[in-house]
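The primary structure of each chain is shown beneath.
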Amino acid sequence: MYRLKVISICLLSAIVLIGAIILSGCTAKKASTEAPTETLKTINVSYVSRPINVPSVVAQEKKMFENEFAKDNIEFKWHDITTPSNQLEALAAKSLDFSNSLNYVSAILAKANGNDIKIVSAYSRFPKGISLVVKPDGSIKTVADLKGKKVALQKGTMLHEMLIRALSEVNLTTQDLELVDMDSAAAAAAIASGQVDATILPEPLLSKAIAAGKVQKLRSAEGLIPGLSVIAVRSDFAKNQPEIVKRYLQVHKASLDWCQANLDEALSMTAQQNQIPIQGVKALYPEFTFDMSLDQVTNELLKSAAFLQKEGMIRPNVDTNKLVDTLVDPSYLPVK
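Residues numbered from 1 in each chain as written. Predicted model: local features only at pLDDT ≥ 70, side-chain atom pairs only at ≥ 80, totals over all residues. Heavy atoms only, no water.

**Concerning the overall build of the protein chain**
- Within the protein chain, the regular secondary structure consists of 14 helices and 10 strands.
- Restricting to contacts in the protein chain with at least 6 residues of sequence separation, those with at least 24 account for 80%.
- When the accessible surface of the protein chain is totalled, it reaches about 17,000 Å², and 52% of it is carbon and sulfur. (Helix = DSSP H or I, 4+ residues; strand = E, 2+ residues; numbered from the N terminus. Contact = heavy atoms within 4.5 Å. Areas by Shrake-Rupley, 256 points an atom, 1.4 Å probe, with all protein chains shown as cover.)

**Some details on the pairing of strand E8 (residues 198-202)**
- Among the five residues that make up E8, five are buried, leaving the element largely enclosed by the rest of the structure.
- Both faces of E8 are covered, namely the face carrying Ala198, Ile200 and Pro202 and the face carrying Thr199 and Leu201.
- Pairing geometry for strand E5 (residues 130-134) and E8, over five bridges, is antiparallel. When the bridges of E8 are listed, Val133 appears paired with Thr199. (Buried < 20%, exposed > 50% of the residue type's maximum accessible area, 1.4 Å probe, protein only. Pairing = 2+ DSSP bridges.)

**Quick word on the layout of surface pockets**
- Within this model, the largest pocket holds a volume of roughly 710 Å³.
- Of all the secondary structure elements, the ones that give two or more residues to the lining of the largest pocket are helix H4 (84-92), strand E3 (98-103), helix H6 (158-168) and helix H7 (184-192).
- For the lining of the largest pocket, the residue count by class is 13 nonpolar, 12 polar and four charged. (1 Å grid on protein atoms, 1.4 Å probe; cavity = no way out; pocket = protein on both sides within 12 Å on 5 of 7 lines; lining within 4 Å. Points joined across faces, edges and corners; volume = space filled by probe spheres on them. Nonpolar A, V, L, I, M, F, W, Y, C, P; charged D, E, K, R; others polar.)

**Quick notes on H6**
- Counting buried positions over the 11 residues of H6 gives nine, a clear majority of the element.
- Listed as buried for H6 are Met158, Leu159, His160, Glu161, Met162, Leu163, Ile164, Ala166 and Leu167.

**Quick word on the pattern of salt bridges**
- If you walk through the whole model with that rule in mind, you get 14 salt bridges.
- Between Glu300 and Arg125 there is a salt bridge, with its nearest N and O atoms 2.9 Å apart. Here the residue Glu300 occupies a position in helix H13 (residues 297-310), and Arg125 occupies one in strand E4 (residues 117-125), the gap between them amounting to 175 residues. As far as burial versus exposure is concerned, Glu300 and Arg125 are alike and both buried.
- For Lys253, the salt bridge goes to Asp257, with nearest N and O atoms at 3.1 Å. Of this pair, Lys253 and Asp257 are both found in helix H10 (residues 242-261), four residues apart, which corresponds to roughly one turn of the helix. (Salt bridge = Lys/Arg side-chain N within 4 Å of Asp/Glu carboxyl O.)

**Concerning the sheet that holds strand E6 (residues 150-153)**
- Spatially, E7-E6-E8-E5-E9 is the arrangement adopted by the five strands of the open sheet, whose pairing is mixed. The open sheet has two edge strands with one neighbour each: strand E7 (178-181) and strand E9 (216-220). The mean inter-strand angle of the sheet, taken between neighbouring strand axes irrespective of direction, is 30°.
- Docked against the sheet, H6 engages E5, E6, E7, E8 and E9, running at close to 65° with respect to E5.
- The sheet contacts of H7 involve E5, E6 and E8, and relative to E8 the element is tilted by about 135°. (Axes fitted to C-alpha atoms, helices over the stretch in contact; angles between N-to-C directions.)

**Digging into the packing of aromatic side chains**
- Under the definition given, this model contains 13 aromatic pairs.
- Measuring from ring centre to ring centre gives 6.2 Å for Tyr285 and Phe290, while their planes differ by 25°; the resulting arrangement is stacked.
- Here Phe290 falls in the buried class, since its relative accessible area comes to 15%.
- For the ring pair Phe288 and Phe290, a centre distance of 6.2 Å and an interplane angle of 10° mean the geometry is stacked.
- A residue is classified by how much of its surface remains accessible, and Phe288, at 6% relative accessible area, is buried. (Phe/Tyr/Trp six-rings, centres within 6.5 Å; stacked < 30°, edge-to-face > 60°.)

**As for helix H5 (residues 104-112)**
- The element H5 is largely enclosed, with a buried count of nine among its nine residues.
- By the N-cap criterion, in which a side-chain oxygen at the helix start approaches the backbone nitrogen of a residue two or three places on, H5 is capped by Asn103, the distance to Val105 being 3.2 Å.
- Two residues or fewer after H5 comes Gly114, characterised by a positive phi angle close to 95°. (Polar contact = N/O pair within 3.5 Å; in protein donor to acceptor, adjacent residues only side chain to side chain.)

Okay, here's the thing in structure tokens:
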């Protein structure tokens with residue numbers, strides 16, 4: 001009897017020991033798969049000073065973002081990436097966290113093609129600062145006269161949507177002309193040298209080309225597109241660093257407030273940064289609205305997404321309502 005009791009105690013002890021070893025192994029495995037989130041060390045943001053992005057110029061000159069995030073030993077880096085496609089590539093590659101001034105059409109098409117981003121704030125509106133222009137030789141008097149002509153612009157941007165909408169008013173499509181894909185600076189040079197017949201130019205390229213006698217306006221973007229640029233962020237960054245996104249937008253709002261309180265100085269900074277005469281900046285500034293509100297943006301993007309899908313720029317199987325719903329997120333905006 002005594003021997004059986006000893007054996008039972010030994011067996012029980014062995015079972016407890018094995019259980020402890022197994023539990024310890026599971027705990028270690030769980031700990032290894034649930035490592036704490038890595039501390040944020042750097043924030044990477046695109047810097048776009050044109051057309052006349054006054055808030056960004058002021059924020060950089062005053063080091064507003066750098067000073068804010070230095071409080072937590074986080075390095076803030078501006079990256080001079082102006083082309084929308086390059087900004088989106090950098091976001092997809094996670095070498096960029098925020099796109100500070102991204103046109104809304106590029107954001108829609110990027111989301112539709114699997115680039116997981118969020119629009120967390122509006123940046124600016126400038127439909128009056130965008131125009132379809134032609135050579136001033138009188139050969140093209142109306143949009144209908146573009147049939148068979150060579151038109152330059154950057155595809156997949158709001159300029160592209162503007163052209164499609166302008167053509168639709170006269171029962172034409174982009175198939176009725178030769179569309180050349182190039183950025184606005186290259187397009188301005190191309191029309192000046194006679195390589196293309198028309199293009200769409202935003203400010204300040206628009207005013208410069210008109211003043212040089214190289215182009216004349218044919219149709220403004222007003223009434224065709226909202227001329228909207230936005231602040232976009234990688235969705236995974238926003239999920240992992242929601243408070244950083246909120247602080248980022250608070251600093252952006254502070255730059256807007258500083259501009260309003262010190263407008264002359266803000267415009268002077270912008271003129272110097274963009275190498276534009278101060279008179280030109282003062283003339284252009286009223287054409288731009290810098291407002292963070294997303295109140296109208298969802299409806300505008302829904303209309304745009306439906307239009308782009310109809311034109312074959314978004315796949316037919318994409319639910320555009322869901323696309324826009326997951327793209328626009330106002331929850332990070334500063335409380336009014």
